[in-house]
Amino acid sequence: VEHGWQGRYVETYELAQKYNLKFLFGSEAYWVKDRFEADRSNCHICLLAKNEDGRRALNDVLSEANLSGFYGQPRLDVPLILSLPADDIWATTACVAYWRYDDIEDITLQFAEHFKDNFYLEVQYHNTEKQISINENILRLSSKYSIPIIMGCDSHYIMPEDGKERKDFLESKGMIYPDEDGWYMDFPSVDVVIQRFKEQGVLTEEQIYRAIMNTNVFVDECEE
């Protein structure tokens, strides 16, 4: 997924066809409470289409994020997210940037009540104080509201050697993301994922495996 938009998904679809992979359409969208307000919170949320109806609906709201929600970035808001068809979209809480509002628990409950079984609290394995605190809160919310957890990689490149190319590109644009300090941004194997979660020390082994296995929903339930 791309931040804020659908990305060059035709190219992705063609690559999936070429290598016999399953194509999944989605976006890590920016969102705020009210897109008509001058709010640069730009929280993140992962929205993924289960089928063609979901793809069309997601296209519509992402277009609206540019038309009526653009303020520095194309922004969805809570009403737009809740307008998505709950049976056709998966939603996850994405990375640490989801959790920026003081009343995020109330908003999260709105999303969970709307998307029901298609809504997930996303845990990640970065061994940082912020991610540790968020994962602890996610486990609390998961237990309190019976919302399933799901593992996210937050990968920004595939091979380790690609990390320097990304760093050089960002520096050339004068782009600095201090929150990335201590993040893992590669695309690791399952064994590495498990080891990183164990080193982080928040999730139990059972919770780690459950979060990883829940990612299979994208393969098992996504329509071609």
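Bear in mind the structure is a predicted one, so any value in this text is a computation, not a measurement.

Participant: Account for the pattern of salt bridges, with residues named and values stated.
Facilitator: On inspection of all chains with the given rule, the structure shows 13 salt bridges. Between Lys50 and Glu221 there is a salt bridge; the shortest N-O distance is 3.4 Å. Within this pair, whereas Lys50 is found in the loop between strand S2 (43-49) and helix H2 (52-67), its partner Glu221 is found in the segment after helix H9 (217-220), the two being separated by 171 residues in sequence. Residue Lys50 is classed as buried on the basis of its relative accessible area of 11%. A residue is classified by how much of its surface remains accessible, and Glu221, at 42% relative accessible area, is partly exposed. Of the charged contacts, one joins Glu52 and Arg55 as a salt bridge, the two residues approaching to 2.8 Å between their closest N and O atoms. Taken together, the residues span about one helical turn, with Glu52 and Arg55 both in helix H2 at a distance of three residues. According to the relative accessible area criterion, Glu52 is partly exposed, its value standing at 37%. Taking the relative accessible area as the measure of exposure, Arg55 reaches 19% and is therefore buried. Within this structure, Glu52, Arg55 and Arg56 form a network of salt bridges that share partners.

Participant: Lay out the packing of aromatic side chains with the relevant residues and their values.
Facilitator: Counting across every chain of the model gives 10 aromatic pairs. Summarising the aromatic geometry, the rings of Tyr13 and Phe23 are spaced 5.5 Å apart at their centres and angled 90° between planes, so their arrangement reads as edge-to-face. Linking Tyr13 in helix H1 (residues 9-18) with Phe23 in the loop between H1 and strand S1 (26-32), this pair joins segments that are 10 residues apart in sequence. Taking the centre distance of 4.7 Å and the plane angle of 75° together, the rings of Tyr98 and Trp99 count as edge-to-face. In this pair, the class of Tyr98 matches that of Trp99, namely buried. An aromatic cluster is defined as three or more aromatic residues linked by ring pairs; in this entry it consists of Trp31, Tyr98, Trp99, Tyr101, Phe111 and Phe119. Cation over ring: Arg40 sits above Tyr71, and NZ or CZ is 4.3 Å from the ring centre. Between the NZ or CZ atom of Arg196 and the centre of the ring of Tyr184, over which it lies, the distance is 3.8 Å.

The rules behind the values
- In this convention, every chain numbers its residues from 1, walking through the sequence in written order.
- Where local features are concerned, this predicted model is filtered to residues with pLDDT of at least 70; where side-chain atom pairs are given and counted, the filter is 80 or more; whole-chain, interface and lining totals use all residues.
- Processing note: side-chain calculations cover all non-hydrogen atoms of the structure and skip hydrogens and water entirely.
- Salt bridge, as applied in this entry: a Lys or Arg side-chain nitrogen positioned within 4 Å of an Asp or Glu carboxyl oxygen.
- Secondary structure elements are defined from DSSP: runs of H or I of at least 4 residues count as helices, runs of E of at least 2 residues count as strands, and each element is numbered from the N terminus.
- Note on classification: 1.4 Å probe, protein chains only; a residue is buried when its accessible area is under 20% of the maximum for its type, exposed when over 50%, partly exposed between these limits.
- A pair of Phe, Tyr and Trp rings is counted when the ring centres sit within 6.5 Å of each other, with Trp represented by its six-membered ring. The angle between the planes then sorts it: under 30 degrees is stacked, over 60 is edge-to-face, the rest tilted.
- The rule for a charge over a ring is simple: NZ of Lys or CZ of Arg within 6 Å of the ring centre, and within 35 degrees of the ring normal.

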